[in-house]
Each structure stands twice: as structure tokens, then as C-alpha cells.
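Chain by chain, the residues run as shown.
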Amino acid sequence: MLQSQYLTANEYFSMVMPMPRKMSFSPENDSRLLQALGSLNQISSAINRIGPDDVASSEVTLQLIVESAIRVVQGVTAVIYTYDNILDKFEKESRVFAGIMDRYSSINREVPDDAPRPGGIGMRAITQRRSVISYEEPDLDIHPFHAQLGVKAVAGYPLIVADQTVGVLYLYLYKKREFSRMELLMLDNFVNQAAMAIYHSRRMTDVRKDLARKEDELNQLHRAGMLISSRLELEETLESILQLALEMTNAQYGIFRLVDKSGQALITRAIAGEHLALPMKEALPLNSNSVMGWVARNRQPLLISDLEDDPWSKIYYPFDAKLEMRSELAIPLINASGRLEGVLNLESPAIGAFNENDSHMLQSLATYAVTAIQEVRLLDALQEASQLLLTESCKNMLNHLAITACDLLNASASAIWSLKGNKLVLESSNGGHQHGDQIPVSGSLTGQAILDKAPVVTHDISSDTRFQRPDLAKTQNWSRALIVPLLDGDENLPLGAFSVYSASDDPGRFAESDWDKKVLTFLAQYATLAFRNEARQEALRSAQEQRAVAETFAAVGDIASNLLHHLNNKVGTIPVRVQSIEDKCRSSLDNDDYLVNNLTEIERCAMDAMQTVRDNLSHLRPIRLEPVYVAARIVDAINTANLPPTVRVQTEGLDHLPVVTAGGQSLTFVFTNLIENASHAMQGEGTILVQACTKGNWVEICITDSGPGILPDLHDRIFELNFSGRTRPGKLGFGLWWVKTLMTRLGGSITVESDGKSGTTFILRLPRAEGIQ
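Residues numbered from 1 in each chain as written. Predicted model: local features only at pLDDT ≥ 70, side-chain atom pairs only at ≥ 80, totals over all residues. Heavy atoms only, no water.

(A) View of the packing of aromatic side chains. Inspection of every chain in the model, using the stated rule, returns nine aromatic pairs. Taking 5.1 Å as the distance between ring centres and 75° as the angle between the ring planes, the aromatic pair formed by Tyr 83 and Phe 90 counts as edge-to-face. Owing to a relative accessible area of 10%, Phe 90 belongs among the buried residues under this scheme. (Phe/Tyr/Trp six-rings, centres within 6.5 Å; stacked < 30°, edge-to-face > 60°. Buried < 20%, exposed > 50% of the residue type's maximum accessible area, 1.4 Å probe, protein only.)

(B) Structural context of unusual backbone geometry. Between Asp 310 and the following residue, Pro 311, the backbone shows a cis peptide bond with an omega angle of 0°. Note that Pro 311 resides in the loop between strand S9 (302-304) and helix H10 (312-315). Phi at Asp 88 is positive, roughly 60°, even though this residue is not glycine. Note on placement: Asp 88 falls in the loop between strand S1 (76-84) and strand S2 (89-99). Backbone geometry places Asp 163, a non-glycine residue, at a positive phi of 65°. Checked against the element boundaries, Asp 163 lands in the loop between strand S4 (153-161) and strand S5 (164-173). (Helix = DSSP H or I, 4+ residues; strand = E, 2+ residues; numbered from the N terminus.)

(C) Geometry of the pairing of strand S6 (residues 253-259). Burial analysis of S6 places seven of its seven residues in the buried class, which makes it a mostly covered element. Judged by which residues are buried, S6 turns out to be covered on both faces: Tyr 253, Ile 255, Arg 257 and Val 259 on one side and Gly 254, Phe 256 and Leu 258 on the other are all buried. Across six bridges, the pairing between S6 and strand S11 (residues 340-348) is antiparallel. Residue Leu 258 lies in a different strand from S11, and its bridge partner there is Gly 342. (Pairing = 2+ DSSP bridges.)

(D) Highlighting helix H11 (residues 356-391). Its 36 residues give H11 an end-to-end C-alpha distance of 52 Å, which sits within 8% of 52 Å, the value for a rise of 1.5 Å per residue. Capping the start of H11, Asn 355 holds a side-chain oxygen 3.0 Å from the backbone nitrogen of Asn 357, two or three residues further along. (Expected span 1.5 Å × (residues − 1). Polar contact = N/O pair within 3.5 Å; in protein donor to acceptor, adjacent residues only side chain to side chain.)

(E) Quick peek at the environment of Asn 697. With respect to the element layout, Asn 697 can be found in the loop between strand S21 (686-695) and strand S22 (698-705). Note: C-alpha distance between Asn 697 and Leu 766 (69 residues apart in sequence) is 8.7 Å. Those residues within four positions of Asn 697 in sequence are excluded, and the remaining contacts are Leu 766, Pro 767 and Arg 768. (Contact = heavy atoms within 4.5 Å.)

(F) Just the sheet that holds S22, in detail. The sheet built from five strands is open, its strands ordered S19-S21-S22-S24-S23 with mixed pairing. The open sheet has two edge strands, strand S19 (647-652) and strand S23 (749-753), and neither has a second partner. Shown here is a sheet whose adjacent strand axes are inclined to one another by a mean of 15°, direction ignored. (Axes fitted to C-alpha atoms, helices over the stretch in contact; angles between N-to-C directions.)

(G) Region of the structure containing the sheet that holds strand S12 (residues 413-420). In spatial order, the strands read S14-S13-S12-S17-S16-S15; together these six strands make up an open sheet with antiparallel pairing. Pairing within the sheet leaves two strands with one partner each, and these edge strands are strand S14 (438-440) and strand S15 (456-458). Each strand axis lies, on average, 25° off the axis of its neighbour in the sheet, ignoring direction. Two elements, S12 and strand S17 (residues 493-503), share six bridges in a ladder whose sense is antiparallel. Each bridged residue has a counterpart across the sheet, and for Trp 417 the counterpart in S17 is Ala 497. Along the sheet, helix H12 (residues 394-409) contacts S12, strand S13 (423-430) and S17; its crossing angle with S13, the most-contacted strand, is approximately 70°. Helix H13 (residues 445-452) contacts S12, S13, S14, S15, strand S16 (478-488) and S17 of the sheet and is inclined by roughly 35° relative to S16.

(H) Structural detail: the confidence of the model for the protein. When pLDDT is averaged along the protein, the result is 80, and 79% of the positions lie at 70 or above. Ignoring residues within four places in sequence, the model shows residues 1-23, a span with pLDDT below 50, making 21 contacts including any to other chains. Note on residues 727-733: pLDDT under 50 across the span, and ten contacts to partners over four residues away in sequence or across chains. (pLDDT = per-residue confidence, 0-100.)

(I) Seen up close, the packing of helix H20 (residues 664-681) against helix H21 (residues 736-745). Orientation of H20 relative to H21, taken along the N-to-C sense of each, is 150°, at an axis distance of 10 Å. One finds that H20 runs roughly antiparallel with respect to H21. In this structure, H20 crosses over H21, and the sense of that crossing is left-handed. Facing H20, whose interface residues are Ser 666, Phe 669, Val 670, Asn 673, Leu 674 and Asn 677, H21 presents Leu 736, Trp 738, Val 739, Leu 742 and Met 743. Among the residues making up the contact of H20 with H21, the classes are represented as eight nonpolar, three polar and no charged. (Parallel < 35°, antiparallel > 145°, perpendicular 65-115°, else oblique. Left-handed = near helix turned anticlockwise from the far one by under 90°. Nonpolar A, V, L, I, M, F, W, Y, C, P; charged D, E, K, R; others polar.)

(J) Spatial organisation of the nonpolar core. Counting 38 residues, the largest nonpolar core has Phe 671, Leu 674, Ile 701, Phe 762 and Leu 764 as the members making the most contacts within it. Elements that contribute at least two residues to this core include exactly helix H19 (630-640), strand S20 (660-662), H20, S21, S22, H21, S23 and strand S24 (760-767). Ranked by residue count, the leading element in this core is H20, at seven residues. If we ignore the near neighbours within four places in the chain, the residues touching Leu 674 are Ile 703, Leu 736, Val 739, Ile 750, Phe 762 and Leu 764. (Core = buried A, V, L, I, M, F, W, Y, C linked by side-chain atoms within 4.5 Å.)

(K) Up close: the pairing of S12. Counting buried positions over the eight residues of S12 gives six, a clear majority of the element. Pairing of S12 with S13 involves seven bridges; the strand directions are antiparallel. Bridge pairing links Trp 417 to Leu 426 in S13. In this antiparallel pair of consecutive strands, S12 and S13, the connection spans two residues, and Gly 421 shows a positive phi of 70°.

(L) Focus on the side chain of Ser 444. With respect to the helices and strands, Ser 444 occurs in the loop between S14 and H13. One polar contact links the side chain of Ser 444 to the main-chain carbonyl oxygen of Val 441, over a distance of 3.3 Å. With sequence-adjacent residues up to four places away left out, Ser 444 is seen in contact with Ile 439, Arg 466 and Gln 468.

Next up, the structure:
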């Protein structure tokens, strides 16, 4: 026969409760035990139903506990009072009861006055953390209210969970007897359940309050974000942030200081508070002995409950000379780059006016503030750049952008490069690089941004083999770099690159920030606009100059034609008259060699003069533009030029050049002039290199000599009309001005490159002829 799988009450309690050997169970006790077990299950189920939004469930659970207690111990009143550990006192409004006192309440219609006494049974149970029974404590008396109702004995049980006292369970016995061992043992279980119910209810209440507080904070921060984003001026934005901070923390006074451009001081930008008499608004050095200085240096929030406590009393810097402050809350504003933007400081004349929640709220607001400050500063910088773009030269604009990049990104240095062939040439810098520095595109860190057409970041320049100037990184103490390409047009054609560098001792981490990549990309776009604007202005100037020159030469051409006609009439008669003298004075000439020779020389000089005038004045006439083969004109110029045998001319890239639009004779004259100039610069000995290539819609020709070079300061002056007084026989003596004028008339351009030490290169650009290969 199988044994029963169910346990009797005796068997169950012998397993779960230590009982004296003499204790036995009767049928009446069995019934009460089963009733108690059922109550415990009900209580546990009620506790599990308590949720964050169910305030009533905890009260119902406590009521269920006291009602269960009076069923286990008959003839009693059960009362529960909750206890606040922080305030160290009972919560009178929490009273829950059941039992004989119900009859008293229904008759008297009033709330029983049995609040726990400071030296009563309940407080002793809490202090000693054990159950207290009145007849075991001779020095304790029963509460007067219950004594009047005939209570003979009282048991007080502390309700303890997680080492915290959450309340006391009182049981008032009206018969003159002691609590039985069984009753006390069962009450121990009710005590644990009651404690858990109160603890769980409080936790749910705290959760509910936290959720409500978080929701309120999120609403406040959302409103703060809306208000901040609607401000356009920095001062207005800072004032809005400060006012929001006061509202969110119930503070009375506040001050907003931002770091100045030197990074050495905090400058007051906004201040708020009532009845301000002498606010201390002067600049505050970061290394000063002050609370805001401490926060700025340590980059940590600081909550001070009492400013008279050490060490704060020694470093407190008064908010107002006429006001006494006792508590302070200061938050550093640090952007995504790690740069310190400033400090937001709140103060109050009350002790302990701020708490950790205020600190957390203010830190969240500081994040919005930093974003707003960055956006306003960027907007101001872009507005200023837009204005300068219309009024300043490309060089000045690039210099301004280089300085702005360092300011916005907290960088130690910056550089703007232009792409020229397979090299990057420095156009502007703010620290570190020198004007004219060049680096190759291939294999360089900056060139990588050009090739990838995307930002490039390195966190350790010294170990990055792509960085071409390790010596500069060492002397400047650079560690990180951020580089973005300058891209033009829808096809993203690279024009150059914009780089910024950060020193190792800087707190900034711009290389890790997407915000900094966006900022530098914005500035790079303005640099691209500066380059494009310069190119367009140059094209406009060139077109205007070409038009002016064409109009001038049209007028001069008419004068030249008239002059040539008159010269031809006058000088052209000289050979005729010489011939007439020879015919009429033949007998005299036969006997006078001197006269013959002079007449012959006069005739020759007259013919040469006429030819020279025709050759030079022909350039003053309008040029008929037509398709011209550059290679043929270069060969003609080399053959025409008066070069000594010690000068060699080498050519590269002349084959397969496209046809250009030009005047053939004028182009030959330009090449001849430059080749002869190069020969004279080398003092008749050396090598002249003529290179040509195609770049887009242009053909570029470079003529390089191995002479001493031309100083950079003279690069513009050499093309002036009166720069050189040196002339050669048969030439007008206008020098490179004439060459530049002809190039302008041909629709092209000419520039010079030289370091003034070794060699000179003249770069000519001519437009390709459309539709002709």
C-alpha cells in the first residue's frame, strides 16, 4: 500500500520550525495552523500583486496581515505602524489595525490615539531589534489608551528587511494570560511577511516617484532643448540656459562663465539673481583659488552643501560682495572634443540647497548647453566667413579659416593645402608648417584624404609613417591629426586638403569626434569656395584684361598701320634715292670707294629698318585666332632663337598634344622670347627644359632654366611694362610684359615659379581648340 504524499500540520512544522520537545499539537492547533498557512499564502500572493502603479495593494496587504494575526491569536487587536529610518520616527498616518478595537471605532467614531511613544514597547523593539512582550519587561507599561480599554498584555514585533526597520506589529491581548509558544511561533512568520510587504511597497513607491521624476526631468530637458535651439545669439542662448538651470533646481542665483580664447581665464557671459548689489563679474583665472577654477581644472562637477566647511571656505570666490551664500553647485561644460567650454555655477544662501538629483539634472542640461554653444559659435564663424568671402582675397580668407579651425576645434595648428599635379602645396597655416611647404600626394597622410575623398584621422602622428614631417611633429609636440579633402563640384574633384593637429598635452580629442569632422568639413567647403572664387575672379580679370587689351591693340593697330604707311613712304624713298644717285653719279662713284660703300650701307640700313618696323608692329595688329600645333611652334622657336652652342634645349611631352586656339606667329614669338631670356639668365651656358602636358581643357607648357632663379618678391614685378631696361637688337624692349600681353590676347596665361636660388620655370596655359584632336 502506498504511503500518502501529503504532510500533516505536525509533520510540516517539525520540518520548518524549531519547536520545544514538550510542544504538541491538538486538533484545535492543527486547525489554527492550517488557517495560518492559508493566510500566509494569501499574504504572499498579495505582495506579488503590488506594482509601481498600485498604491492600494500595499494597504490591502497590511490589512490582510493584521486580520490574519487576529485569527491566529484570538481575542486580540493587531496594529501595524510603519517606520521611517531616515527621519527616525513612526509614520502615524500609516496605522492599520484589526480585532476587538473595531467595536470601539464603530461606537466612538474617532481615530484611536495609540501612536507609538518614544520610550514605548515599539521603540524598544526597534532599538533592540527583537520582539518585546510587556510582561517580560517590568520597566515598560502598556500604552494608556489601550490600558483604558482593558488590555492586559502587549507584544511588539520589529519589522526588519535588509537590515532596515520598516515598522512594528503590535498585538494587544485582553485576557490575563501569556501568549502561547505556538502563537509566538506563528507570529514570527507574520512578522516576516509584514516586513516584506512594507519593504516591497516602499520600493514600488520609490520606483514610481523615480519614474515620475525622470519623466518630469525629460520634459524639462525637452523644453530646454527647444528653448536653446530657438536662440541665435550666443548671449541670448547663455541667458536662456542659466534661467532654465535656476528653474530646474529651484536655485536663486547663477553665473555662466566661458573660457576665453587664450584658454587661461573664465569670462562672465551671463548672470542671474534677485537683489544683486555688487556681483563679481571680472575675469577669473583658471588657476585661481576658487570653486569654479577647481571645477574647470579638474573637469568634474562639484556639489557643496555648506560653503563654510573646509576646504571650500578657503577657496570660495564670492558671487556678490553683499550677499552671503552657503551652498553651491558647479558643472563644467566639456564638448565632444574634450575641450572645456566653461563652467555653469549655481548658488544659494540656504545650507544644503542642492542634491545629487540637481547635479545630475544640471549635467544633462550642460550637455544641451555645450551643443548649443558649439552650434552658435559655428554659426557665427560661418557667417563671418561668408562675409569675408565676398570682400577678402583668397589668401586672407584661407588665413582666417586656418585660425578659425584652431579656435573651434581646440587644435594646436592647422594647414590648408592646394593640389598641384602630384604634389600638395601649403597655401596657409596657423602654426607649424611654413608657406611654400610641399608634400607628395602618394604615400602621405594628407594625400590619403585626397585619394580617398574622405576624412583621415590618426591618433599618433609620430608613429604614422604616412606623415611626411616627423621632425615637425616632434618639435611641435603633435600627437593627433584630422584631415579632410577640399572637394569641388558634383563630381567631387579634389582641390586640396584641410588639416588640423593637436598637441599631446591638450585635453581635446577632436580626432575621435564626428562633430569635429563636420566642423572641419564645413570650413573646408569655405576654403573650396575661396579657391573657386579666386579662380573665377582671375578668369573675370583675365577676360576683362583680354578685352581691354584687345580694344587697346585694335586702336594701336590702326595707329601702327598708319605709322607703318608713313614710315614706308619716307624710309622707302631712301633706297630709291640711293639708286638715283648711283645712276646719275656713276663716274664719280667709280673713282670714290668711300662714297660707294656709304651709299650701299645707307640702302641696307633703310631696308633693315623697314623690316624691323614691319616685324614688331605686326604684333600690334589684331591677332587672328586659329587652331595651332604647339609642338611645331616650339620647334620653330628653338630654331629661331639666337642660342650659343653651350646652351642645350630638351623637350618632353610634345608628342600627341592637342591643338590649341592661338595665333601661330605670336605663339612662336612668345616661345622664342622665353627661350632667349632663359639663355641670358644662364649666361649662355646650361640646359633649358621645355615640357608640355594636357590638363582638362587646357594645354600647359613649362619652360625651365638652370639659372640663378628669380626672387619670390619679384614674381609679379617682372611682368610690369617698365621692369627691365635691358633690350636686344631688333626688339622693342618691353620684356616679359610683352609676353604676358600676348598670352592674354591669346586667351591664355603665364605664371612663374622660382625660389630665387636655383632655376626658374615659366608656366604657360593655352585653351584647347574645341572639336579638334
